[in-house]
Amino acid sequence: MPPSPSAAPIIAVQGLTRSINSGTHLVSILKGIDFEIPRGQFVAIMGASGSGKSTLLGLLAGLDTPTTGAIIIDGTDIARMAEDDLALLRGQKIGFVFQSYQLIPTLTAEENVLLPVELAGDGRADVSRARELLELVGLGDRLDHYPVQLSGGEQQRVALARAFILKPPILMADEPTGNLDSKTGQQVLELLITLNRREGATLVLVTHDRQLASHADRIITLRDGLIVADELVSEIPERV
Amino acid sequence: MTRQDNFSLATAAKIAWRESRASSVKFGFVILAVAVGVGSLTGVRGFSSAFYAMLLKEARTLMAADLSARVFVMATPEQMAVIDDLGRQGIRSTQVTETLTMAASLKDPSKPTAPVLVSAKAIDPALYPFYGEVQLTPAARLRDVLNENSVAVSDDLALRLNVTTGDMIRLGGQDYKVIGQVTKEPDKMSGSINIGPRLLMTRSGLERAGLLNAGSRAAQRFLFQLPIAQPSTATPPPDVEAVRQTLKNTFPEAQVIDFRETNPAITRGLETSTRFLSLVSLIALIVGALGVATAMHSHLQQKLDSIAVMKCLGARSSQIIRIYLLQTLALGLTGGLLGIAVGGAVQLAFPHLIARYFQVPPSFVWDWASMAQGLLVAVFSTLLFTLPPLLSVREIRPNLILRREMGETRGGWFRSRSAIAVSGGILVGMGALAAWIAGGKLEDALRLGAYFTGGLAVALGVLAGVAWLLLRVLKMVVKIRTLPANWRHGLANLYRPGNQARAVLVALGLGVMFTVTIYLVQQSILSEIAASAPPGMPNVFLIDIQQAQKDGVTDLVKRQPGLDKPPELIPSIAARVVKVNGQPVETMELKGFQRRFRQSRNVSYVTEAPKQTQVVSGAWWTKSTAGLVAIGDDAAKVLKVSPGTEIEFVSSGKTVLARVAVVYRNLAVGPGSNTEFLFTPESVAGLPTIYYSALRMQPSAVASLQQSLYQRFPTVSVINVADVIQTVQEVVDQIALVIRFISTFAIMAGVIILASSVAGTRFRRIREVVILKTLGATRKRVSRIFSAEFSILGATAGLMGSLLASGFANLVLVQFFKGEWKFNAPSILVAVVLTAVIANIAGWAASARILGQKPLEVLRAE
């Protein structure tokens, strides 16, 4: 078990379960999960396909509601929160990076990065920050390109800039390099880690790639809907 | 957690616009669906009102006026004051006097011809006729050539008097110059006296002849023309009923009729076509809105990912709904504008398409009110029908991005409750639209709206139920192992998650139902209309044929060139009603024109039901025996008789007792057709009989018939109504043509919508094609599986929709058109096959490109 941080955790999960009614039968995906993530930590959630890691990420981000249990994000239990309140919370506190980039195809790179600002509706479309972030990810000259005009790696870099635009305290990434070749994947990962350090966010990364997970501070491993290991990377013995 | 919602309209509009631009082809289709709906609505409405006005104008020409009051005594000063008062309200009037008199030729004073009994008609050429025109040979305008010293004569009279243009004739001791022959007289059939050949003169000319002494048997007709109706209001003008009532009060003894009752075939045709056209307008509206709903639903299905991403990025449902609401509004508005243009084009194009059928092409008016209504209806119905897909945005889980494959059954009580509320809202909204479109009295409009809502609810309920049941049955079929693999896969496709086979079936079924309903109702109406004015109606009548002349006249007519239909002899016997069920007719309360039943009437006899009659009550005799009579519905109403009533007649001093077997309605026109009593031959055997003859001949051959007949049978008169019959037939043909055209338009709209509901399933197939191809399925194999699915979907919806249509059409026919219940099995079969074919064509038109897609393109995009 990782050491408990002195400050209040930014994410706390208690007795979390999630079942899905597929119409004919009930499938238990998560069977009782408990953990806490301190502010600023980089956590990798690992597990084989079907272990429940994406479901867990979705629940942490308020994209889905748990069957039972509590999810406390920055002091607020989001487990029973209304849909629109969850949307507001995501806009304010959580940045996302998806495996398949998920850019809006009809918006340009810059407009995609600015979308969370516009959705947040605080009236300050921070164009300079968007451009700065796009410069940082090496796309300063592709502001007006549509997703379809960008390569996979470039699209994922736009997604990274979008994830950080509102300076969210938490960043969630679901297999962010899963659709990229190893070289591009490595570049995107390095960018993600660099940006995350620069912005000081808590990073939750879902992956089945141990190499990727090795960059994290801590690895939580799931199997069949249960946590089977929760270790600090610094304490994991070197594996051959 | 609250925050001011500043997600600007500009941002929503930007996303909406970009998305629309990226999906221009698909949205083109949506716009087309709205345009077709609105186009048929405004086109049908605009055109039908123009057409209706034109038809009424034709109907008006048959009486040369909007209203007429026929009196048999001279008008009193009080009555004339009322007519003057109407004149001050903008209602024009003119008087027509008809009287019988003798005319003689002055052509050759050395060889005087015998005077001839003529039916003189005196008019004011400055005003008469209000509608139609009197055609003269040689051609001239009536008002230019007819004065107090001149007359125009019918071809028959010219022949009998042996006069031509320029000759003089004598009438009532005064001389008049013949200015030509009357070849067309619009209100010929509305005249009071059809005994002698026609002589047309001015009222001052008649006064000069001194024929209008007190007590003369002149018949007066007052003709009235109402102020021109506004184009925005559907004719008839609203005050026709009020004027009619005023006239009835002023002339209690008079027979007052208006243009809506000039001819039974036209009247029924007008009523039927108006009802049918309103029905089609409403159906076109629903079909269009249905198309929008299907297209928008499919669009949102494709945008699931974008919507989920936006939700992940913090968008609330209301912000996303705003984007798609803007899109819907823009689509509705664009479609509406295009639809109005289409509707306008329909109205403009139609008269050209059928120019040869129209003597007076319907005038096209840009009716702004109706266009604004069309636009509002477009936007409102689009919004209404896209409400469910728009609200479903709330149901889209952002988690979809992470867990696409996991289809989860959600919902339950809350969801079904809100679905019911939304459906209820849509139905009520559609009802309100229907009521608004129907217009008229608030009460009537509301009732129609309520019927419409109820009907739609029942149809949707039945369709959803039947779709559910059919899918259950098909699910059992899938389990049959011996079924060919392609068909099994095709069937199984209907049950894959996200296929929404039930929704597509309901949409398709509804489209088929409306389309087939229109077709079935149209077929039935057309056959009814055709029966009311069959081609080959008699257009020449011979009157006053004596018993002894019967065979000779028939023989002569049969040998005439240009005869289209051999003569039919109609016997006529003069008889008077004495008692009805024992009550003397003198003691019955009869007013005005009803008093004709106290005088001698022309009765006839038949062995079986005559053509162009309709049974109102009772039944025609199957075996002709003495003592039976059939009575026309008007006479039956006046004399208060029904089948079984005993009526006593007197004819040539003999008493004839007869029991009423049947009350009938006459749909025919022409002399003899207004006979109110038809006996069995045995009932009137031995009574003195004269004959009418009805025949059909080419108009150009009538003159030669008149000549031959006059030489051998000078007492037999010829009445030539070829021009009038032609007008009646033209009007009825026009009604039929319009019904066909507008039905075809609505059916085409239905087909487009049907295609769109199948095409809307396109995007769901993309992944499936890829997976099948990745697994080694050939293009041929995939296309077979899809063809099987399209065919099953189309045939099932076709069967369901056409069966419902059969019931619906029959209900409509029985309830609104007084038709008969029929089951049209061949139509259903054709509908099933056609829907399957359309589903295949549309499905393939939308999916063909998918087949050629490389699997990796799609998989990489995942």
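These lines cover the structure that appears in this document, whether it is placed above or below. (Residues numbered from 1 in each chain as written. Chains lettered and ligands numbered in written order. Predicted model: local features only at pLDDT ≥ 70, side-chain atom pairs only at ≥ 80, totals over all residues. Heavy atoms only, no water.)

Some thoughts on the overall build of chain B
Reasoning step 1: Of the regular secondary structure elements, chain B holds 23 helices and 21 strands.
Reasoning step 2: The burial tally for chain B puts 52% of its 862 residues in the buried class.
Reasoning step 3: In chain B, the proportion of contacts linking residues at least 24 apart, taken out of those at least 6 apart, comes to 83%.
Reasoning step 4: Roughly 37,800 Å² of accessible area belongs to chain B as shown, and the carbon and sulfur atoms make up 60% of that amount. (Helix = DSSP H or I, 4+ residues; strand = E, 2+ residues; numbered from the N terminus. Buried < 20%, exposed > 50% of the residue type's maximum accessible area, 1.4 Å probe, protein only. Contact = heavy atoms within 4.5 Å. Areas by Shrake-Rupley, 256 points an atom, 1.4 Å probe, with all protein chains shown as cover.)

Section: helix H4 (residues 127-136) of chain A
Residues and elements named next belong to chain A.
Reasoning step 1: Within H4, burial applies to Arg129, Ala130, Leu133 and Leu134. The buried residues of H4 all sit within an arc of 135° when viewed along its axis, so they share a single face. Residues of H4 that are exposed and point more than 90 degrees away from the buried face comprise Ser128 and Glu135.
Reasoning step 2: The secondary structure elements touched by the buried residues of H4 are helix H3 (109-120), helix H5 (152-164) and helix H6 (182-199).
Reasoning step 3: Immediately downstream of H4, the backbone of glycine 138 shows phi near 80°, a positive value. (Arc of directions from axis to C-beta.)

Comments concerning the interface of chain B and chain A
Reasoning step 1: With 37 residues of chain B in contact, the opposing surface of chain A contributes 43 residues.
Reasoning step 2: Across the chain B/chain A interface, buried area totals approximately 3,800 Å², and carbon plus sulfur atoms make up 57% of it.
Reasoning step 3: Between glutamate 111 of chain A and arginine 18 of chain B there is a salt bridge, with its nearest N and O atoms 2.3 Å apart.
Reasoning step 4: At the boundary of chain B and chain A, one finds two residue pairs in polar contact (both at pLDDT 80 or more).
Reasoning step 5: Those elements that provide at least two residues to the side of chain B that touches chain A are helix H1 (9-22), helix H9 (304-312) and helix H10 (317-353) of chain B.
Reasoning step 6: In terms of residue count, H1 of chain B provides more of the side of chain B that touches chain A than any other element does, seven residues in total.
Reasoning step 7: Residues of the side of chain B that touches chain A, tallied by class, amount to 13 nonpolar, eleven polar and 13 charged. (Buried area = accessible area lost by both parts, 1.4 Å probe. Salt bridge = Lys/Arg side-chain N within 4 Å of Asp/Glu carboxyl O. Polar contact = N/O pair within 3.5 Å; in protein donor to acceptor, adjacent residues only side chain to side chain. Nonpolar A, V, L, I, M, F, W, Y, C, P; charged D, E, K, R; others polar.)

Structural notes on the pairing of strand S7 (residues 170-174) of chain A
Residue and element names in this part refer to chain A.
Reasoning step 1: Along S7, five of the five residues are buried, which leaves the element largely enclosed by surrounding structure.
Reasoning step 2: By the alternation rule, side chains of S7 split into Ile170, Met172 and Asp174 and Leu171 and Ala173, which are all buried.
Reasoning step 3: As judged from the four bridges shared by strand S6 (residues 94-97) and S7, these two strands associate in the parallel manner. Paired with phenylalanine 96 across the bridge in S7 is methionine 172.
Reasoning step 4: Two strands pair when backbone bridges link them, and S7 and strand S8 (residues 202-207) are joined in this way by five bridges, in the parallel orientation. Counterpart to alanine 173 in the pairing with S8 is leucine 205. (Pairing = 2+ DSSP bridges.)

Quick word on the packing of aromatic side chains
Aromatic rings considered in pairs are described by the distance between their centres and by the relative angle of their planes.
All names here are of chain B.
Reasoning step 1: Tallying each qualifying case throughout the model produces eight aromatic pairs over all chains.
Reasoning step 2: Seen from their ring centres, tryptophan 620 and tyrosine 664 are 5.5 Å apart, and the 40° between their planes marks the pair as tilted. With tryptophan 620 in the loop between strand S15 (613-618) and strand S16 (628-632) and tyrosine 664 in strand S18 (residues 654-666), the pair connects residues that are 44 residues apart, well separated along the chain. Here tryptophan 620 matches tyrosine 664 in class, with each residue buried.
Reasoning step 3: Seen from their ring centres, phenylalanine 786 and phenylalanine 790 are 6.3 Å apart, and the 55° between their planes marks the pair as tilted. Residue phenylalanine 786 and its partner phenylalanine 790 are located together in helix H21 (residues 779-816), separated by four residues, close to a single helical turn. Neither phenylalanine 786 nor phenylalanine 790 differs from the other in exposure class; each is buried. (Phe/Tyr/Trp six-rings, centres within 6.5 Å; stacked < 30°, edge-to-face > 60°.)

A few points about unusual backbone geometry
All names here are of chain B.
Reasoning step 1: Cis peptide bonds are those with omega within 30 degrees of zero, and the linkage from tyrosine 128 to proline 129 qualifies with -10°.
Reasoning step 2: On the secondary structure map, proline 129 appears in the loop between strand S3 (116-123) and strand S4 (135-137).
Reasoning step 3: Note the cis peptide between threonine 137 and proline 138, where omega equals -5°.
Reasoning step 4: Of note, proline 138 is situated in the loop between S4 and helix H4 (142-145).
Reasoning step 5: Backbone geometry places asparagine 162, a non-glycine residue, at a positive phi of 55°.
Reasoning step 6: For asparagine 162, the position within the fold is in the loop between helix H5 (155-161) and strand S6 (168-171).
Reasoning step 7: Given the relative accessible area of 49%, asparagine 162 is considered partly exposed.

Focus on the sheet that holds S8 of chain A
Residues and elements named next belong to chain A.
Reasoning step 1: Strand order in this open sheet of six strands is S6-S7-S8-S3-S9-S10, and the pairing throughout is mixed. Looking at strand neighbours, the two that pair on one side only are S6 and strand S10 (226-232), the edges of this open sheet. In this sheet, neighbouring strand axes are inclined to one another by 15° on average, regardless of whether the strands run parallel or antiparallel.
Reasoning step 2: By the bridge criterion, five bridges tie strand S3 (residues 42-47) to S8 in an arrangement that is parallel. When the sheet's bridge partners are listed, valine 43 is paired in S8 with valine 204.
Reasoning step 3: Seen against the sheet, helix H1 (residues 53-60) touches S3, S6, S7, S8 and strand S9 (218-223) and runs at an angle of roughly 155° to S8. (Axes fitted to C-alpha atoms, helices over the stretch in contact; angles between N-to-C directions.)

Remarks on the side chain of glutamate 676 of chain B
All names here are of chain B.
Reasoning step 1: As for its placement among the helices and strands, glutamate 676 is situated in the loop between S18 and strand S19 (677-679).
Reasoning step 2: Only 3.2 Å separates the side chain of glutamate 676 from the side chain of arginine 601, close enough to count as a polar contact.
Reasoning step 3: When neighbours within four sequence positions are excluded, glutamate 676 is seen to be in contact with Arg596, Phe597, Arg601, Asn602, Ala630, Ile631, Gly632, Ala635 and Tyr664.

Re the pattern of salt bridges
Residues and elements named next belong to chain B.
Reasoning step 1: This structure, assessed with the given rule, holds 26 salt bridges over all chains.
Reasoning step 2: For arginine 198, the salt bridge identified is with glutamate 98, shortest N-O distance 3.5 Å. Residue arginine 198 is found in strand S8 (residues 198-202), and its partner glutamate 98 is found in strand S2 (residues 92-105); the two are separated by 100 residues along the sequence.
Reasoning step 3: You can call arginine 198 buried: its relative accessible area is 8%.
Reasoning step 4: Residue classification places glutamate 98 among the buried residues on the basis of a relative accessible area of 0%.
Reasoning step 5: A network of salt bridges, in which partner residues are shared, links Glu98, Lys121, Glu185, Asp187, Arg198 and Arg221.

Details of the pairing of S6 of chain B
Residues and elements named next belong to chain B.
Reasoning step 1: Burial along S6 is one-sided: the residues Ile169 and Leu171 are buried and none of Met168 and Arg170 is.
Reasoning step 2: Here three bridges tie S2 to S6, and the two strands are oriented antiparallel to one another. Bridge pairing in S6 links serine 105 to isoleucine 169.
Reasoning step 3: Here four bridges tie S6 to strand S7 (residues 174-184), and the two strands are oriented antiparallel to one another. Opposite isoleucine 169, over in S7, you have tyrosine 176 as the bridge partner.
Reasoning step 4: Between S6 and S7, which pair antiparallel one after the other, the connecting turn spans two residues, and glycine 172 there sits at a positive phi close to 55°.

Read these as geometric descriptors, not functional statements.
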